[in-house]
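Listed below are the residues making up each chain.
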Amino acid sequence: MTPTLRPRSLTAAAFAPFGAPIAIGSGPSRPVNGGRATRHDDIVALDRAEDAPEARLALYRIAPSPRPFAIDVLERHPRSSQSFTPIVARDYLVVVAPSGPDGAPLVAKAQAFVAPATTGVHYARGVWHLPLVAFDAEALFAMWMWEAGDGRDTEEVRLGEPLFVEGF
Ligand SMILES: NC(=O)N[C@@H](O)C(=O)O
């Protein structure tokens, strides 16, 4: 029986095995736009397979889901990392799981995080994650990844028993 997950804050250190928050970090920065703006680089490590040549920028309009939310599917993108950046959102739930030796998600080692509405999430290539969900109000996110444009882009696994996250 997989216990209810207790979510943690989405910090760079806590999320490092799975990707990174999309927020101003310790990377290089420089003034631009006549000095009225600062450009911050190397926020995340974008990654793609050679056979995923199609860069995709999409918008996800996400209807709010009821609570308690039963997590019964995890997915991953073996050919590309994937970024979600909130445009209109509240603090949101991120759930990830490491892969086992057979490549399947180790659900017993799944972890839950709460991301601030001002921070995006970058899933490293091939990381099992909960497809984005919103609560209480519709959300809008920008998504960035590369795709091959076929079935290789996304793998889904249906969980034998649902996962739940405390408070969600
Ligand atoms: N599959 C899809 O379009 N959405 C997922 O990638 C997700 O992480 O929400």
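The following refers to the structure shown. Values in this document were obtained by computation on a predicted structure and should not be read as measured data.

1. Some words on the overall build of the protein
No. 1: Helix and strand counts for the protein come out as 1 helix and 15 strands.
No. 2: Here the C-alpha radius of gyration of the protein, 16 Å, is about what a compact globule of 168 residues would show, namely 15 Å.
No. 3: With the C-alpha coordinates aligned to their principal axes, the bounding extent of the protein is approximately 55 × 35 × 30 Å.
No. 4: Of the roughly 9000 Å² that the protein leaves accessible, carbon and sulfur atoms contribute 53%.
No. 5: The average position of the 16 basic charges and that of the 19 acidic charges among the side chains of the protein differ by 5 Å.

2. Brief notes about the site of the ligand
No. 1: Neighbouring the ligand are Tyr60, Glu75, His77, Gln82, Phe84, His129, Pro131 and Leu132.
No. 2: For the ligand, an oxygen atom lies 3.0 Å from a polar atom in the side chain of His77.
No. 3: One of the side-chain nitrogen or oxygen atoms of His129 is found 2.9 Å away from an oxygen atom of the ligand.
No. 4: For the ligand, the accessible surface in isolation is 270 Å², of which the surrounding protein chains cover 78%.
No. 5: Looking at the shell around the ligand, its residues break down into 4 nonpolar, 3 polar and 1 charged.

3. Examining unusual backbone geometry
No. 1: With an omega of -5 degrees, the peptide bond between Arg67 and Pro68 qualifies as cis.
No. 2: By secondary structure assignment, the location of Pro68 is in the loop between strand E6 (64-65) and strand E7 (71-76).
No. 3: Despite not being glycine, Asn33 has its phi angle at roughly 55 degrees, a positive value.
No. 4: Looking at the secondary structure, you find Asn33 in the loop between strand E3 (29-32) and strand E4 (37-40).
No. 5: On the basis of relative accessible area, Asn33 is assigned to the partly exposed category, the value being 48%.
No. 6: Within the chain, Asp42 stands out as a residue other than glycine whose phi angle is a positive 55 degrees.
No. 7: Turning to its location among the elements, Asp42 is positioned in the loop between E4 and strand E5 (54-62).
No. 8: Since its relative accessible area comes to 60%, Asp42 is described here as exposed.

4. Focus on the packing of aromatic side chains
What characterises a pair of aromatic rings is the spacing of the ring centres plus the angle enclosed by the ring planes.
No. 1: This model, assessed by the stated rule, comprises 10 aromatic pairs.
No. 2: Note on Phe15 and Phe113: the rings are 5.2 Å apart at their centroids and 90 degrees apart in plane angle, and the pair reads as edge-to-face. Taken together, the positions of Phe15 in helix H1 (residues 12-15) and Phe113 in strand E10 (residues 111-115) put the pair 98 residues apart, joining distant regions of the chain.
No. 3: Overall, Phe15 belongs to the buried group, its relative accessible area being 0%.
No. 4: Here Phe113 falls in the buried class, since its relative accessible area comes to 0%.
No. 5: Each ring, one from Phe84 and one from Phe141, has its centre 6.4 Å from the other, and the planes form 80 degrees; the classification is edge-to-face. Here Phe84 is found in strand E8 (residues 82-88), whereas its partner Phe141 is found in strand E14 (residues 139-147), with 57 residues between them in sequence.
No. 6: Looking at Phe84, the relative accessible area reads 3%, which means it is buried.

Criteria and cut-off values
Residues numbered from 1 in each chain as written. Predicted model: local features only at pLDDT ≥ 70, side-chain atom pairs only at ≥ 80, totals over all residues. Heavy atoms only, no water. Helix = DSSP H or I, 4+ residues; strand = E, 2+ residues; numbered from the N terminus. Rg over C-alpha atoms; globule rule 2.2 N^0.38 Å. Areas by Shrake-Rupley, 256 points an atom, 1.4 Å probe, with all protein chains shown as cover. Lys, Arg positive; Asp, Glu negative; His and termini not counted. Charge placed at Lys NZ, Arg CZ, Asp CG, Glu CD. Near = heavy atom within 4 Å. Polar contact = N/O pair within 3.5 Å; in protein donor to acceptor, adjacent residues only side chain to side chain. Nonpolar A, V, L, I, M, F, W, Y, C, P; charged D, E, K, R; others polar. Buried < 20%, exposed > 50% of the residue type's maximum accessible area, 1.4 Å probe, protein only. Phe/Tyr/Trp six-rings, centres within 6.5 Å; stacked < 30°, edge-to-face > 60°.

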